[in-house]
Amino acid sequence: MNGRKAMIIASFMLGLLGLCSCGSPSSASGVFSEADPELVYDSSMELKYAENFNVDYYEGGYTMLTTTRDGAKYLVVPEGKPVPEHLDDKIVVIQRPIQNLYLVASSVMDIFSALDEVDAIMFSGQKKDGWYIEEAKEAMEKGDMLYAGKYNKPDYELIVSKGCSLVIENTMITHAPEVVEKLEDFGIPVMIEYSSYESHPLGRVEWVKFFGALLGKEQEAEKIFDEQTRILEQVSVDEKTDKTVAFFFVTSNGLVQVRQSSDYVPKMIELAGGKYIFEDLGDPDSRRSTVNMQVEEFYNGARNADYLIYNSSIDGGVSNVEELLDKCELLADFKAVKEGNVWCTTNDLYQQSLSTGYLIGDIHAMLQGEDEEQMRYLFHLE
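All values derive from a computational prediction rather than experimental measurement.

**Student:** Just to check I follow, could you spell out helix H7 (residues 207–215) for this structure?
**Tutor:** One turn of the α-helix equals 3.6 residues, which is why residues spaced by three or four share an orientation. For H7, the buried fraction is high: 9 of the 9 residues fall into the buried class. Every buried residue of H7 is listed here: Trp207, Val208, Lys209, Phe210, Phe211, Gly212, Ala213, Leu214 and Leu215. Gly216 lies just past H7 and shows a positive phi near 75 degrees.

**Student:** Explain the packing of H7 against helix H8 (residues 218–236) here, please?
**Tutor:** To describe two helices that pack against each other, one gives the angle between their axes and the distance between the axes. With their axes 8 Å apart at the nearest point, H7 and H8 run at an angle of 170 degrees to one another. Between H7 and H8, the angle falls in the class roughly antiparallel. Here Val208, Lys209, Gly212 and Ala213 of H7 come into contact with H8, specifically with Glu218, Ala221, Glu222, Ile224 and Phe225. In terms of residue class, the contact of H7 with H8 is built from 5 nonpolar, 1 polar and 3 charged.

**Student:** Would you explain the environment of Tyr74 in this entry?
**Tutor:** Take Tyr74: it is sitting in strand S4 (residues 72–77). A relative accessible area of 1% places Tyr74 in the buried class. Placed 117 residues apart in sequence, Tyr74 and Met191 show a C-alpha to C-alpha distance of 8.5 Å. A polar atom in the side chain of Tyr74 sits 3.0 Å from the backbone oxygen of Val190.

**Student:** Would you mind going over the pairing of strand S5 (residues 92–95) with me for this structure?
**Tutor:** Successive side chains on a regular strand alternate, one facing one side of the sheet and the next facing the other. Burial along S5 is one-sided: the residues Val92 and Ile94 are buried and none of Val93 and Gln95 is. Here S4 pairs with S5 via 4 bridges, running parallel. Its bridge partner being in S5, Leu75 is matched across the sheet by Val93.

**Student:** What is the right way to look at the pairing of strand S12 (residues 256–259) in this model?
**Tutor:** Of the two faces of S12, the one holding Val256 and Val258 and the one holding Gln257 and Arg259 are both buried throughout. For strand S11 (residues 244–250) and S12, the ladder comprises 3 bridges, and the chain directions are antiparallel. Following the sheet pairing, Val250 is matched in S12 by Val256. Counted between consecutive antiparallel strands, the loop separating S11 from S12 contains 5 residues, among which Gly254 sits at a positive phi close to 85 degrees. With 4 bridges connecting them, S12 and strand S14 (residues 290–293) associate as antiparallel partners. Along S14, the bridge assignment pairs Gln257 with Asn292.

**Student:** Would you mind going over the packing of aromatic side chains with me for this structure?
**Tutor:** For any two aromatic rings, the description comes down to two numbers: the centre-to-centre distance and the angle of the planes. Counting across every chain of the model gives 18 aromatic pairs. Here Trp207 and Phe210 contribute two aromatic rings whose centre-to-centre distance is 4.9 Å and whose plane-to-plane angle is 45 degrees, an arrangement assigned as tilted. Of the two residues, Trp207 and Phe210 both sit in helix H7, 3 residues apart, roughly one turn of that helix. Put simply, the rings of Phe248, Phe249, Tyr276, Phe278, Phe298, Tyr299, Tyr310 and Phe334 pair up and form one aromatic cluster. For the cation-ring pair, Lys182 lies above Tyr156, with the distance from its terminal atom to the ring centre recorded as 4.5 Å. Here Arg204 stacks its cationic end above the ring of Tyr264, 3.5 Å away from the centre of that ring.

**Student:** What's the story with the pattern of salt bridges in this structure? I'm lost.
**Tutor:** Between side chains of opposite charge, a pair can form when the charged atoms approach closely. Under the criterion given, the structure shown has 6 salt bridges. The salt bridge partner of Glu233 is Lys48, with a shortest N-O separation of 4.0 Å. Taken together, the residues span a long stretch of sequence, with Glu233 in helix H8 and Lys48 in the loop between strand S1 (41–44) and strand S2 (53–58) at a distance of 185 residues. Judged by its relative accessible area of 46%, Glu233 is partly exposed. One continuous salt-bridge network, built from bridges that share partners, spans Glu206, Lys209 and Glu222.

**Student:** Honestly, the side chain of Ser113 in this entry has me stumped. Any pointers?
**Tutor:** Within the fold, Ser113 resides in helix H2 (residues 109–114). Judged by relative accessible area, which is 17%, Ser113 ranks as buried. Separated by 3.1 Å, the side chains of Ser113 and Glu135 make a polar contact.

Conventions adopted
Residues numbered from 1 in each chain as written. Predicted model: local features only at pLDDT ≥ 70, side-chain atom pairs only at ≥ 80, totals over all residues. Heavy atoms only, no water. Buried < 20%, exposed > 50% of the residue type's maximum accessible area, 1.4 Å probe, protein only. Helix = DSSP H or I, 4+ residues; strand = E, 2+ residues; numbered from the N terminus. Axes fitted to C-alpha atoms, helices over the stretch in contact; angles between N-to-C directions. Parallel < 35°, antiparallel > 145°, perpendicular 65-115°, else oblique. Contact = heavy atoms within 4.5 Å. Nonpolar A, V, L, I, M, F, W, Y, C, P; charged D, E, K, R; others polar. Polar contact = N/O pair within 3.5 Å; in protein donor to acceptor, adjacent residues only side chain to side chain. Pairing = 2+ DSSP bridges. Phe/Tyr/Trp six-rings, centres within 6.5 Å; stacked < 30°, edge-to-face > 60°. Lys NZ or Arg CZ within 6 Å of the ring centre and 35° of its normal. Salt bridge = Lys/Arg side-chain N within 4 Å of Asp/Glu carboxyl O.

Read these as geometric descriptors, not functional statements.
Here it is, written out as structure tokens:
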């Protein structure tokens, strides 16, 4: 287990040293013994934006999933089919039907919901009251899904006694490699989803195809992804504007949290036809997505922004401009406040991993002055 632990730590520290491959099987190096006659490579999934996973298909319905950030490989075995012999011992075998999952990466619940596979999840890393995904709430109310603790403190007794088959984590688990080691000691494999590492906003959405391949629902996943790409194609037809946008949140201690210029949110603003107000903020080599600054610094950098978007996904948000000014009086002097161009995200945004295309469309509609009623994840503050 020490090797897995070291691999996770190395992944966290080295960041950009992912293994990328789309045109050839990711299993080509050291995955199968040359003596193994059972698996024959067939094809690989075509990816448009995602860079942190591969999906390879083998004859007989076998599927190899690879998270290229850490090099982990998962062989999905069709129901009723045997597990191939001579597999590399580092490969995790997952047999269909997929069930009894422990989902700690909360943004993935949206994907399972869209694929109609919430029933595959038995354990949640989120309590019932923390879910905005209705199917997850209902499952926990019925007792079909159980709270099994946070990423760094899982209820080992519960998940072992109930037969957990796989844990799906986000990258926070890299801060607690000892948890992975203990889970694997119990014979429970761990999968880390790296959608947050994708450089293109729709690369995050494309992870629906990764989980579609896990669940055997590639066609459904492709339709979901295509819908998002169509939105981007539609907004890209219009010319870019010179309108600037500040995306921010006021912390409980009075600081203003904004996105680094290299983060995916500024890229969404750019794809929607606008400009992020902070052109060169933060360290592009850092994995941090946000920067905290003093109110005065935010004032100097964003007071002339054409639009303000308040990120409500952390504190529950605000319902009008007055409530926003209660958080930060200095905002009253901002151009966007004076001109009535203040907007807010919906509370559920951070759990909606498939919202990216829609939010790009919403920002585009905001910049174009289109009807607010058509928006899904933005609303105007009066």
